[in-house]
Amino acid sequence: MYIVFSDLDGTLLDHNTYSHAGAQEGIDLLRERSVPLVLVSSKTLPEMTELHSMLGLGSPFVFENGGGIAWPHDSSTGKPLRVEFQGLPERELRDKFNMLNTVIPVPVKSILDMSIEEVMERTGLPHKRAALARERRSSIPFILQEKHDIDFFELEKINIKLYEQGLAITKGGRFLHLISRGSTKGSAVRKIISSYTLLHEKEDVVTMGVGDSENDIPMLKEVDRPCLVRKHDGSIIQTGLPEVFITKNIGPAGFTEAVKTLWI
């Protein structure tokens, strides 16, 4: 059997409009062939629950960059039957948030310190979804308040210091994220793969991961077929993986392109 894991923003959802129109063909193809589509995102549990229901999915999903897993859904309510949290809760991350000022050379600002209007301005989300984006349970998105690009090498150096405190940061499309060390998209994907493998022990399980940002790299490392979608400006990130399929198309159209390669 096949399983497809996919990031949302910039991958299955358009970076600017949040539309999944370009991904619909790929979603339909997976549904027709009974392939589970597992969403893996930095979005919060209520954000993901809403999107999961809208897309009509019944598989597990990963929220807050691996901070939690929502296991199979009740089709009558659209709500998860079980939610598993990983790592430190938001209140403990909030207590440790100021530690970032000692390892990052410019001031930082948490999404929790932003008004809903500021979140709307920075993300382009409508009011309701911007409010849901602030309902953090196991991660804290933040921005740099001065112009400074944290590249792969600086990110590694920062995380070496944060690991001692059980923390880490990862980089998404719009925000950096403070998370618990080890609570990544990769660790969550690994648990879900193990679950499917146990349920389908008589079948070979082949996995694909589709993403576009640095926080997707841990997910891509766990799958058999890592796929990298081009960002909204046509660029791609460096993954360090020896073999990765790179789409010609951007965002949702790239997702559909990647899905079609399953049967080539």
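In the block above lies the structure referred to throughout.
Let me begin by describing the structure that accompanies this report. (Residues numbered from 1 in each chain as written. Predicted model: local features only at pLDDT ≥ 70, side-chain atom pairs only at ≥ 80, totals over all residues. Heavy atoms only, no water.)

1. A word on the pairing of strand β1 (residues 2-6)
Consecutive side chains of a regular strand alternate in pointing toward one face of the sheet and then the other.
Part 1 of the argument: Within β1, four of the five residues are buried, which leaves the element mostly enclosed by the surrounding structure.
Part 2 of the argument: Pairing of β1 with strand β10 (residues 206-211) involves five bridges; the strand directions are parallel. Pairing of Ser 6 across the sheet is with Val 210, part of β10.
Part 3 of the argument: Handedness of the crossover is the feature at issue here: the chain leaves β1, passes through helix α1 (residues 24-32), returns alongside strand β2 (residues 37-40), and the resulting connection is right-handed. (Buried < 20%, exposed > 50% of the residue type's maximum accessible area, 1.4 Å probe, protein only. Helix = DSSP H or I, 4+ residues; strand = E, 2+ residues; numbered from the N terminus. Pairing = 2+ DSSP bridges. Right-handed = clockwise from strand over helix to strand, strands pointing away.)

2. Some remarks on the sheet that holds β10
Part 1 of the argument: Pairing in this open sheet of eight strands is mixed, and the strands run β5-β4-β3-β2-β1-β10-β11-β12 from one edge to the other. If you trace the sheet from one side to the other, it starts and ends with β5 (83-85) and β12 (245-250), each paired once. Strand-to-strand twist in this sheet, taken as the mean axis angle between neighbours without regard to direction, amounts to 20 degrees.
Part 2 of the argument: Sheet analysis places β10 next to strand β11 (residues 225-230), joined by four bridges and oriented parallel. Bridging from a neighbouring strand, Met 208 pairs with Arg 225 of β11.
Part 3 of the argument: Helix α9 (residues 251-260) contacts β1, β2, β10, β11 and β12 of the sheet and is inclined by roughly 135 degrees relative to β12. (Axes fitted to C-alpha atoms, helices over the stretch in contact; angles between N-to-C directions. Contact = heavy atoms within 4.5 Å.)

3. A few points about the sheet that holds strand β6 (residues 108-110)
Part 1 of the argument: One open sheet holds the four strands; their spatial order is β6-β7-β9-β8, and the pairing between them is antiparallel. Each end of this open sheet is capped by a strand with a single partner; those strands are β6 and β8 (167-171). Within the sheet, the average angular offset between the axes of one strand and its neighbour, ignoring direction, is 35 degrees.

4. Re the nonpolar core
Part 1 of the argument: Judged by nonpolar contacts, the single largest core of 29 residues is most densely connected at Leu 100, Ile 104, Phe 142, Leu 144, Ile 169 and Leu 178.
Part 2 of the argument: Residue assignment for this core shows that the elements contributing at least two residues are α4 (116-123), α5 (127-133), β7 (140-144), α6 (152-163), β8 and β9 (176-180).
Part 3 of the argument: Element by element, the count of residues in this core is highest for β7, at four residues.
Part 4 of the argument: Sequence-distant contacts of Leu 178, that is, excluding residues within four places in its chain, are made with Leu 93, Phe 97, Leu 100, Ser 139, Ile 140, Phe 142, Leu 167, Ala 168 and Ile 169. (Core = buried A, V, L, I, M, F, W, Y, C linked by side-chain atoms within 4.5 Å.)

5. A look at the environment of Arg 136
Part 1 of the argument: Within the element layout of this structure, Arg 136 appears in the loop between α5 and β7.
Part 2 of the argument: Taking the C-alpha atoms as reference points, Arg 136 and Gly 186, separated by 50 residues in sequence, lie 19 Å from one another.
Part 3 of the argument: Contacts of Arg 136, omitting those with residues within four sequence positions, involve Ser 42, Thr 44, Glu 47, Glu 64, Glu 90, Ile 111, Leu 112 and Pro 141.
Part 4 of the argument: A distance of 2.8 Å separates the side chain of Arg 136 from the backbone oxygen of Ala 133, its partner in a polar contact. (Polar contact = N/O pair within 3.5 Å; in protein donor to acceptor, adjacent residues only side chain to side chain.)

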